Structure formats: C-alpha cells, structure tokens
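Below are the chains, spelled out letter by letter.
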Number of protein chains: 4
Amino acid sequence: MSFKYKYRISWVDTDALGVMHFSNFFRICEKTEEEFRIFYKLDTPGISFPRVYAECNYKYPLRFLEIAEITMDIKEIGKKHIKMEFQIFNETKKRLSAFGNIVIVAINDKFEPIDIPDWYINKIKEIMEKF
Amino acid sequence: MSFKYKYRISWVDTDALGVMHFSNFFRICEKTEEEFRIFYKLDTPGISFPRVYAECNYKYPLRFLEIAEITMDIKEIGKKHIKMEFQIFNETKKRLSAFGNIVIVAINDKFEPIDIPDWYINKIKEIMEKF
Amino acid sequence: MSFKYKYRISWVDTDALGVMHFSNFFRICEKTEEEFRIFYKLDTPGISFPRVYAECNYKYPLRFLEIAEITMDIKEIGKKHIKMEFQIFNETKKRLSAFGNIVIVAINDKFEPIDIPDWYINKIKEIMEKF
Amino acid sequence: MSFKYKYRISWVDTDALGVMHFSNFFRICEKTEEEFRIFYKLDTPGISFPRVYAECNYKYPLRFLEIAEITMDIKEIGKKHIKMEFQIFNETKKRLSAFGNIVIVAINDKFEPIDIPDWYINKIKEIMEKF
C-alpha cells in the first residue's frame with residue numbers, strides 16, 4: 001500500500017542554507033503517518049507508538065514554499081513492531097528529495113511494551129492488500 | 001533581581017535569512033526560566049505554569065554561533081500570576097537583540113487554575129530582594 | 001479582510017502537558033501568513049519581511065490532532081510596516097484558543113530597511129476592501 | 001577520538017508522552033557537532049556540510065530537565081565524506097538513551113559538492129589520534 005501526503009515547506013522549516021533542516025524530514029514523515037491514521041480511522045486509545053529506529057537518506061534539498069510529496073508504505077507489521085518506508089519527493093523541482101524508514105513499537109499508558117492489538121494488525125493488512 | 005543565561009545559536013535555530021527564527025526567541029526565554037528554576041531549586045511537583053501571554057520586540061538579529069545573553073527579571077508576582085521580563089543581548093555583536101515579557105499562571109494536575117503557593121511567592125520575593 | 005487557514009496539531013507541536021507549545025502558536029500564525037501570500041500571489045522577490053513585534057494571548061489549549069482555525073486580518077499597512085491580527089480558534093472544542101498580532105517591516109537583500117513597494121500596499125488594500 | 005557534550009532537556013523538546021521528541025535527538029547530535037567545531041576551532045568559511053544520511057536507534061527516553069550526555073566519535077573521514085557516531089546517554093537515569101550516526105559531505109557557496117580540504121582532514125585526523 002502507498003499513502004501520499006503533500007506538505008508545503010514553511011519558513012520555520014528552513015535553515016541558514018535556505019533549505020529544510022535535516023531533522024524536519026523526520027517531522028514531515030511523522031505528519032504523514034498522522035494523516036494516514038486519521039484517513040483510515042486508526043484510533044488506538046491507551047496505546048502509543050514510540051519510535052525505536054529512524055533513518056533518512058538526503059538526496060536533494062527542499063526550499064521555502066516548495067511542495068514535498070511524501071509517500072508512506074508499511075513494509076513490515078509484526079506482533080511487536082511496524083516498519084514504515086518514506087519517500088519524500090520535491091514536487092516543485094521534480095526530484096527525489098529523500099527516503100528513509102521508521103520503526104515503531106506499541107506501549108500502554110504505563111510505558112510498558114505491549115503486543116500490537118490484532119484488530120490493528122488486521123486493519124493494516126487489509127489496507128495493504130488494497131494496493 | 002536579574003538572572004542571566006548564555007545560549008549559543010544553533011544551526012537549527014536559524015532560518016533562510018541566516019538569522020534566528022522569531023519563534024525561537026520565546027524558546028530561549030523559556031530555557032532561561034528553566035535554568036533559573038534549577039539554579040534556585042524552585043521545584044513545584046504537581047504544579048505547572050502555562051503561559052497566558054508572551055510578547056517580543058525584535059531589534060537586531062542573532063546569527064549562527066553567535067552568543068545570546070538572556071537577562072530575566074521577575075517584574076510582578078501575585079497570587080495568580082508571575083510576569084517575567086526578558087532582554088536578549090547579542091553578545092558577539094554587542095547589540096540589544098530583543099526584549100519582551102511572558103506572563104504565567106499556575107495550574108494543578110487536572111489543568112485547573114490554582115493560587116501560586118505561598119512558599120513559592122515568598123521564595124521568589126526573597127530572590128528579588130537580593131538584587 | 002479576513003483570511004482563514006486550518007491546521008491539524010501534530011505530535012511534534014505538543015509538549016509534556018499534552019498541549020501545543022506556546023511558541024508554536026507563532027509558527028502557525030506565520031504559516032497562515034504564508035498561505036495568504038500564496039493565495040493572493042503576493043510574491044516579492046528580493047524583499048523579505050522580518051518581524052519587529054509579536055504578541056500572543058493564550059486562552060485555551062490545542063491538543064494532538066485537534067483542528068486550529070487561524071483567522072488573519074491585516075489591521076494596518078503603512079509605508080514601513082504591516083500589522084497583522086490573528087485569532088486561533090480550537091475548532092474541535094469550539095473555543096477561542098488564542099489571539100495576538102505580529103508586525104513586519106520590509107528589508108532588501110542587504111538587510112537594509114526599505115519602503116514597502118506601492119504595488120504591494122495597493123494590492124493589500126484591494127484585498128482588504130473585498131471584505 | 002571522543003567528544004562529549006551535556007545538554008539539559010528543555011520543555012519545548014518534550015512531546016505529549018512527556019519525553020523528548022524523536023526528531024530532537026538529531027538536533028542535539030548536531031549541537032554536539034557544533035560544540036566540537038568550536039572547541040577545536042574548525043572554522044571553514046565558504047564551506048558547508050550538509051547531511052546525506054542520519055540514523056538513530058532509540059533505547060530509553062529523556063524527560064524534562066534530565067541531562068543527556070552526548071558522545072561523538074568521528075568514525076570515517078574521506079575525501080568526500082565524514083561519518084560521525086553518536087551515543088546519547090541519559091545521565092540522570094544512568095541509562096543509554098540512543099545511538100546513531102550522521103554522514104556529512106562538503107559543498108561550496110554555490111551548493112556544489114567539493115572535496116573536503118586537506119587541512120581539515122589532517123586536523124580531524126590529528127584530533128582522532130589524541131584519543
């Protein structure tokens with residue numbers, strides 16, 4: 001499956017080189033994940049998904065007001081983790097800007113690691129099959 | 001009283017004009033307030049201090065690696081609020097960079113407004129008298 | 001005139017109290033201003049608009065995934081400055097979240113203060129009359 | 001070689017789970033790199049070092065006011081790239097918080113990739129030998 005989200009680079013996202021700061025690529029990936037959950041109504045009260053791994057390869061900058069198209073794919077879903085892949089495309093310049101992946105796990109309200117609920121895994125698998 | 005804190009401008013603080021983003025002036029004021037509380041051991045378990053007002057006048061930019069010296073003064077302390085004044089001096093360029101003020105109130109764990117505890121007011125007043 | 005922009009609160013916007021950090025209110029105001037300029041094609045090559053003043057009154061928090069509706073009004077436009085007023089409405093909770101204003105001035109590529117170009121003032125006035 | 005830098009977690013660094021947001025780990029690594037350059041007077045006018053890769057493994061959270069001790073090691077230095085390794089230790093809780101690495105390349109004022117200057121490579125190698 002592939003989920004797409006567009007984001008316009010804001011002034012505050014840029015740094016003194018005039019390009020989006022490298023840490024903000026991770027932030028727009030997370031924003032894409034948030035929109036994905038909203039879109040598919042993946043609400044999980046009492047469960048949070050902290051990141052255990054994050055990686056990004058930078059290929060081409062994103063500048064003020066340029067449009068980033070972020071593509072998110074769920075690459076793995078297990079009992080304990082979900083691995084998401086991201087591609088960030090500079091739509092304004094028609095160039096691949098960056099790609100990377102983020103791995104998340106589930107915890108409960110007490111910060112204890114828990115299994116990802118079956119209904120959640122099934123729903124994600126269902127979404128993945130559609131594509 | 002006057003409390004001083006020095007902060008070196010990081011790359012991530014800058015924007016595409018090569019200067020610290022205007023929102024980050026508020027962040028280094030808050031950082032100064034945090035250092036002030038640490039320094040005077042002003043720990044308040046169960047009480048938070050959300051901002052109800054924040055204001056900043058910008059006079060001269062701060063650039064990458066320049067040193068900001070932030071001076072914090074407590075201007076008012078009442079039963080319900082504390083007003084802090086900040087001056088941000090660009091120490092590298094010997095120029096006043098910005099000044100402003102922030103007003104905070106006290107809330108408990110349930111987000112309900114509460115009176116600022118007497119011991120806290122007294123401790124602040126004691127600190128103020130020293131200067 | 002009134003320009004409206006909606007923004008969904010991201011995880012990264014929140015702080016340990018579970019609400020949007022006070023500095024981020026300024027960032028979503030600036031984002032609204034960016035969308036306003038895009039919408040009305042207010043492109044000004046070679047001219048930047050640094051902030052000389054920013055102020056915010058906080059009334060009610062914005063939490064993760066809540067929708068903020070930001071209303072921007074241009075209150076003053078002179079030869080040297082533009083004053084914008086912002087209202088941030090928590091649309092999810094139907095409560096006024098914050099309001100404030102930001103004053104900007106014009107500078108050229110060499111960071112020198114300049115007059116705001118007549119065509120820009122006129123275009124803004126034209127937009128203001130429409131409302 | 002190993003370079004160490006301590007950073008106290010600020011309120012703005014936290015998110016609604018009460019822990020430092022995952023993107024901010026990259027920011028405190030970059031801050032450590034800045035302090036490293038300052039400490040060893042590694043000034044490179046006209047040359048910038050954009051990131052081409054960044055990776056982080058998250059092991060244990062950092063909370064408000066906790067102290068992070070960041071250890072930076074230069075693992076590789078070639079004609080075209082520098083690879084830095086980071087370890088982020090939660091000093092308050094005496095637990096490894098995160099580790100990762102960042103790869104940078106050199107560009108000139110026109111954003112063109114250039115060789116890392118020999119004097120810079122030599123200086124770094126000299127620093128590395130000291131440890």
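Going by the structure above, here's the rest.
Described below are features of the structure shown in this document. Not measured: the values here are computed from a predicted model.

### Concerning the overall build of chain A
Helix and strand content of chain A: two helices and six strands. When the helices and strands of chain A are read in sequence order from the N terminus, they spell out β-α-β-β-β-β-β-α. The C-alpha atoms of chain A give a radius of gyration of 16 Å, which matches the 14 Å a tight globule of 131 residues would have. Seen through its principal axes, chain A has C-alpha atoms that stretch 45 × 35 × 20 Å.

### Topic: the relation of the copies chain D and chain A
Placing chain D over chain A gives an RMSD of 0.0 Å and needs a rotation angle of 180°, together with 0.0 Å of translation along the axis. These values place the two chain copies in the arrangement generated by a two-fold rotation axis. Among all C-alpha atoms of chain D, that of Glu55 of chain D lies closest to the rotation axis, at 2.1 Å. In this assembly the copies share their binding face: 100% of the residues contributing to the interface of chain D also contribute to that of chain A.

### Some words on the interface of chain D and chain A
Counting residues at the interface gives 23 residues for chain D, matched by 23 residues for chain A. A combined buried area of about 2000 Å² lies between chain D and chain A, and 63% of that area is made up of carbon and sulfur atoms. At the junction of chain D with chain A, the criterion picks out zero salt bridges. Seen at the junction of chain D and chain A, the total is 12 residue pairs in polar contact (both at pLDDT 80 or more). Taken together, the elements giving at least two residues each to the side of chain D that touches chain A come down to α1 (22-39), β2 (51-58) and β5 (95-107) of chain D. Ranked by residues supplied to the side of chain D that touches chain A, first place goes to β2 of chain D with eight residues. Here the side of chain D that touches chain A is composed, by residue class, of 13 nonpolar, five polar and five charged.

### Considering the interface of chain D and chain C
Interface size is commonly expressed as the accessible area that is lost once the parts come together. Every contact between the two is made by nine residues of chain D and, on the other side, nine residues of chain C. Summing both sides of the interface, chain D and chain C together bury roughly 810 Å²; the carbon and sulfur share of this comes to 69%. Connecting chain D to chain C are zero salt bridges. The interface formed by chain D and chain C holds six residue pairs in polar contact (both at pLDDT 80 or more) in total. Split into classes, the residues belonging to the side of chain D that touches chain C amount to four nonpolar, four polar and one charged.

### Some details on the packing of helix α1 (residues 22-39) of chain B against helix α1 (residues 22-39) of chain C
Running from N to C, α1 of chain B and α1 of chain C cross one another at 180°; their axes reach a closest spacing of 9 Å. It follows that α1 of chain B is roughly antiparallel to α1 of chain C by the angle criterion. Counted together, Phe22, Ser23, Asn24, Phe26, Arg27 and Glu30 of chain B of α1 of chain B and Phe22, Ser23, Asn24, Phe26, Arg27 and Glu30 of chain C of α1 of chain C form the full contact between these two elements. Its residues assigned to classes, the contact of α1 of chain B with α1 of chain C shows four nonpolar, four polar and four charged.

### Topic: the relation of the copies chain D and chain C
Screw-axis analysis of chain D against chain C gives a translation of 0.0 Å along the axis, an RMSD of 0.0 Å, and a rotation angle of 180°. The overlap is high: 100% of the interface residues of chain D also sit at the interface in chain C, so the same surface is used on both sides.

### Description of the pairing of strand β5 (residues 95-107) of chain A
All names here are of chain A. Across seven bridges, strand β2 (residues 51-58) lies against β5 in antiparallel orientation. Note that in β5 the partner of Asn57 across the bridge is Phe99. Where strand β4 (residues 81-90) lies against β5, 10 bridges are found, and the strand directions are antiparallel. Bridging from a neighbouring strand, Met84 pairs with Ile102 of β5. A loop of four residues connects β4 with β5, the two strands running antiparallel in sequence, and Lys94 in this loop sits at a positive phi of about 55°. With two bridges joining them, β5 and strand β6 (residues 113-114) adopt antiparallel strand pairing. Its bridge partner being in β6, Ala106 is matched across the sheet by Ile114. The antiparallel pairing of β5 with β6 creates a hairpin that spans five residues between the two strands, and Phe111 there sits at a positive phi of about 70°.

### What to know about the pattern of salt bridges
Under the defined criterion, the tally for this structure stands at 32 salt bridges over all chains. Residues Arg8 of chain A and Glu35 of chain C are paired through a salt bridge, measuring 3.2 Å at the closest nitrogen-oxygen approach. Placement of the pair is Arg8 of chain A in strand β1 (residues 3-8) and Glu35 of chain C in helix α1, with the two residues belonging to separate chains. For Glu91 of chain D, the salt bridge goes to Lys6 of chain D, with nearest N and O atoms at 2.7 Å. Taken together, the positions of Glu91 of chain D in the loop between β4 (81-90) and β5 and Lys6 of chain D in strand β1 (residues 3-8) put the pair 85 residues apart, joining distant regions of the chain. According to the relative accessible area criterion, Lys6 of chain D is partly exposed, its value standing at 46%.

Thresholds, definitions, all that
- Residues numbered from 1 in each chain as written.
- Chains lettered and ligands numbered in written order.
- Predicted model: local features only at pLDDT ≥ 70, side-chain atom pairs only at ≥ 80, totals over all residues.
- Heavy atoms only, no water.
- Helix = DSSP H or I, 4+ residues; strand = E, 2+ residues; numbered from the N terminus.
- Rg over C-alpha atoms; globule rule 2.2 N^0.38 Å.
- Least-squares fit on C-alpha atoms with pLDDT ≥ 70 in both.
- Contact = heavy atoms within 4.5 Å.
- Buried area = accessible area lost by both parts, 1.4 Å probe.
- Salt bridge = Lys/Arg side-chain N within 4 Å of Asp/Glu carboxyl O.
- Polar contact = N/O pair within 3.5 Å; in protein donor to acceptor, adjacent residues only side chain to side chain.
- Nonpolar A, V, L, I, M, F, W, Y, C, P; charged D, E, K, R; others polar.
- Axes fitted to C-alpha atoms, helices over the stretch in contact; angles between N-to-C directions.
- Parallel < 35°, antiparallel > 145°, perpendicular 65-115°, else oblique.
- Pairing = 2+ DSSP bridges.
- Buried < 20%, exposed > 50% of the residue type's maximum accessible area, 1.4 Å probe, protein only.

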